[in-house]
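What follows is the residue order along each chain.
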Amino acid sequence: MMLKGKTAIVTGGGRDIGRACVMRLAEEGANVAINYHSSSDGADSAVKEIEAMGGKAFAMQGDLTSEAEVNALVDRAASELGGIHVLVNNAGGLIKRVPIKEMSLEHWNNVMDLNLTSTFLLVKAAAQHMTSGAIINLASQAGRDGGGPGAAAYAASKGAVMTLTRGLAKEFGPDIRVNAICPGMIDTDFHNNFTKDEVRKIVAGNTPLKREGLPVDVANLVAYLATDQSAFLTGVNVDINGGMLFS
């Protein structure tokens, strides 16, 4: 257990990739602070599972575009679980597909706040408590290829997360490593809500591995980046897409 005695914060940890990350980090011995926005059942059940394993965890609802709510999450994690050593910025989303010609400024700002501003706020707050450790940001393949129809704002926000990751790696090194992950098509509610089934089958069939990714595939990569096994990696945006896109 390479994270025994360490504390991790996972945002958007109530479902899909976030919940898989919560459980994978707990398997490595981490105590986990789980943020959720609406998925309380998944977050609460994760706490029960971690406690049954002998670990410590709590679930806390929060809007991560609010600096006050971000600070409340981070302060509680540091005080109840003992410092902060790993931050996984997983919360975010597309909201809905909107072409630029039809996009309101409000929608643009909402997408940027959800994906980019929330990452900034979490990093700023958590860094006050971190003397070492790892920050892992969830970007997206869309940050590399511009995303699908109506996803330009989302793609731009994730591209900004990728660039922010590089800047933070320079600013926080050598003590804190900062990396990002760029998932392709992962079997989650994101694609259940925003991608047609026939498109998913075509995309998966065109990858060398001939399948969609699973949340646990991403969680395994997060665990690797959170531990000293990746001690010489920082400022990297790691693709995980089954070979759909090479960078």
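As the structure is a prediction and not an experimental result, all values here were calculated from the model.

Any chance you could explain the overall build of the chain here in plain terms?
Within the chain one finds nine helices and seven strands. A compact globule built from 247 residues would reach a C-alpha radius of gyration of about 18 Å, and the chain, at 17 Å, matches this within 12%. When its C-alpha atoms are laid out on the principal axes, the chain stretches across 45 × 40 × 35 Å. Burial statistics for the chain: of 247 residues in total, 50% are counted as buried. If you sum the accessible surface of the chain, you get close to 11,300 Å²; carbon and sulfur atoms cover 53% of it. One way to put it: in the chain the 22 positive side-chain charges average out to a point 5 Å from where the 26 negative ones average out.

Explain the nonpolar core here, please?
Inside soluble globular proteins, nonpolar side chains tend to come together where they are buried. Core analysis: the biggest nonpolar cluster contains 35 residues, and L25, I136 and I181 have the highest contact counts within it. Mapped by element, the contributors of at least two residues to this core are β1 (7-10), α1 (16-27), β2 (31-36), α2 (40-52), β4 (86-89), β5 (133-138), α9 (215-226) and β7 (237-240). Among the nonpolar cores identified, the runner-up in size contains 26 residues, and L64, V74, L81 and L121 belong to it.

In this structure, what is going on with the pattern of salt bridges? I would like to understand it.
Scanning the model with the defined rule gives ten salt bridges in all. Across the pair R19 and E49 runs a salt bridge whose closest N-O atoms are separated by 2.9 Å. Here R19, found in helix α1, pairs with E49, found in helix α2; they are 30 residues apart in sequence, far enough to count as distant. Judged by relative accessible area, R19 falls into the buried class, the value being 18%.

Would you explain the sheet that holds strand β6 (residues 176-183) in this entry?
Pairing between the strands of a sheet is mediated by backbone hydrogen bonds and can be parallel or antiparallel. Taken in spatial order, the seven strands line up as β3-β2-β1-β4-β5-β6-β7 in an open sheet, and their pairing is parallel. With one partner strand each, in any of the chains shown, β3 (57-61) and β7 form the two edges of the open sheet. Recorded for the sheet is a direction-independent mean angle of 15° between the axes of neighbouring strands. In terms of strand pairing, β5 meets β6 through six bridges, oriented parallel. Looking across to β6, one finds that I136 is bridged to N179. Against the sheet, helix α4 (residues 105-127) engages β4 and β5, with an angle of about 170° to β4.

Would you mind going over the confidence of the model for the chain with me for this structure?
On average, the chain scores 96 in pLDDT, and the residues at 70 or more come to 98%. Between the elements of the chain, mean pLDDT differs from a low of 66, seen in helix α7 (residues 189-194), to a high of 99, seen in β5.

Where do I start with the pairing of β4 in this structure?
Strand residues, when the strand is regular, have side chains that alternate between the two faces of the sheet. The alternating pattern of β4 places V86 and V88 on one face and L87 and N89 on the opposite face, and all of these are buried. Pairing geometry for β1 and β4, over three bridges, is parallel. Across the sheet, residue V10 finds its bridge partner in β4, namely V88. Of the strand pairs in this sheet, β4 and β5 are connected by four bridges, and their pairing is parallel. In the sheet register, V88 faces β5, and the bridge partner there is I136.

Criteria and cut-off values
- Residues numbered from 1 in each chain as written.
- Predicted model: local features only at pLDDT ≥ 70, side-chain atom pairs only at ≥ 80, totals over all residues.
- Heavy atoms only, no water.
- Helix = DSSP H or I, 4+ residues; strand = E, 2+ residues; numbered from the N terminus.
- Rg over C-alpha atoms; globule rule 2.2 N^0.38 Å.
- Buried < 20%, exposed > 50% of the residue type's maximum accessible area, 1.4 Å probe, protein only.
- Areas by Shrake-Rupley, 256 points an atom, 1.4 Å probe, with all protein chains shown as cover.
- Lys, Arg positive; Asp, Glu negative; His and termini not counted.
- Charge placed at Lys NZ, Arg CZ, Asp CG, Glu CD.
- Core = buried A, V, L, I, M, F, W, Y, C linked by side-chain atoms within 4.5 Å.
- Salt bridge = Lys/Arg side-chain N within 4 Å of Asp/Glu carboxyl O.
- Pairing = 2+ DSSP bridges.
- Axes fitted to C-alpha atoms, helices over the stretch in contact; angles between N-to-C directions.
- Contact = heavy atoms within 4.5 Å.
- pLDDT = per-residue confidence, 0-100.

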